[in-house]
Amino acid sequence: MRVALAQILATDDPSANLEIVADHAALAAQQGATVVVFPEATMCRFGVSLKPVAEPLDGPWASEVRRIAERNDVLIVAGMFTPTADGRITNTLLVTGRGVDTAYDKIHLYDAFGFRESDTIAPGTKPVTLTVDGTTLGLATCYDIRYPELFRALADQGATVTVLPASWGAGPGKVEQWQLMVRARALDATTFVLAADQADPTSRGIDPGSAPRGVGHSLAASPFGVTIDELGAEPGLLVVDVDPEQIPDVRATLPVLANRRL
């Protein structure tokens, strides 16, 4: 399976961000990718009011992402925001293309490092997996990376690859934490973890303010916790090949899932 991680710098204009999605999906398809993973908050960057831009999954923004996926014959994973009945919104991953159309609502909300995502966003309630081209993918978003039980639950549901869109908050040691936890969650669950972060705004001379706008360093980790490849801080497209058929041999060698006692 060839997967592209699109490390973009989303704007506060959902229409402009659709153009970014279209450009990167086409470029990824030209390089042979069948799965294209965009970051959390691809629809609209953090740091602005998100309720006015939130749309249902059958709204115009998601519908255009579906058309882009169909046009390029790829599966697209992209972060957006959807309205809820209680007046908040959800931090949602839209997953569409190659016969798949589903979504995941972020379970663990980023109430840390002085930010309170739960003030305006409602949490999801269940892990989500999907199967594309015979491979089961797990879905997780940003702060979810700090919870190994989610990644093991996805593995229990059959995931051999977990994709992780993010808009990681900057700060001392935060890049190192990001790199460490992506690799650790791959090792915890003996799955590939493919993590697509927003690019670091400062790499383009943009002040990110206090919102979690991304630090870059999108990376792919093997089920043994080894970095396969990684980008730097600036925008880019990382294309990697992963072989889910390796997973049974990995889990026979390192049976951490089978050996669990709690």
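By the naming in an unreviewed UniProt entry, the chain is Carbon-nitrogen hydrolase family protein, taken from Actinomycetospora flava. Here the chain is described in UniProt, under the heading Sequence similarities (unreviewed entry), as follows: "Belongs to the carbon-nitrogen hydrolase superfamily. NIT1/NIT2 family."

A.B. asks: How should helix α4 (residues 174-189) be read in this particular structure?
C.D. replies: An α-helical turn contains 3.6 residues, so any two residues separated by three or four positions project in the same direction. For α4, spanning 16 residues, the distance from its first C-alpha to its last is 22 Å, which sits close to the expected 22 Å at 1.5 Å a residue. Turning to α4, its buried residues are K174, W178, M181, V182, R185, A186, D188 and A189. Here the buried residues of α4 occupy an arc of 165 degrees about the axis, which is enough to place them on one side. Phi turns positive one or two residues past the end of α4, at T190, with a value near 45 degrees.

A.B. asks: Would you mind going over the pattern of salt bridges with me for this structure?
C.D. replies: In a structure, side chains of opposite charge can pair up when their charged atoms sit close to one another. Using the criterion set out here, one finds twelve salt bridges in the structure. Note that K106 and E40 form a salt bridge whose closest N and O atoms lie 3.0 Å from each other. Remark: E40 occurs in the loop between β2 (35-37) and α2 (60-72) and K106 occurs in the loop between β5 (100-105) and β6 (111-112); sequence separation between them is 66 residues. Taken individually, K106 and E40 each receive the classification buried, so the pair is uniform in this respect. In the salt-bridge network here, residues are joined through shared partners; they are E40, K106 and E117.

A.B. asks: Sorry, what's going on with the UniProt feature "domain: CN hydrolase" (unreviewed entry) in the chain here?
C.D. replies: In the numbering used here, UniProt assigns the feature "domain: CN hydrolase" (unreviewed entry) to residues 1-244. Helix makes up 23% of residues 1-244 and strand makes up 30%, while its end C-alpha atoms are separated by 8 Å.

Each value, and the rule that gives it
- Residues numbered from 1 in each chain as written.
- Predicted model: local features only at pLDDT ≥ 70, side-chain atom pairs only at ≥ 80, totals over all residues.
- Heavy atoms only, no water.
- UniProt positions renumbered as here; feature names shortened; annotations may be inferred.
- Helix = DSSP H or I, 4+ residues; strand = E, 2+ residues; numbered from the N terminus.
- Expected span 1.5 Å × (residues − 1).
- Buried < 20%, exposed > 50% of the residue type's maximum accessible area, 1.4 Å probe, protein only.
- Arc of directions from axis to C-beta.
- Salt bridge = Lys/Arg side-chain N within 4 Å of Asp/Glu carboxyl O.

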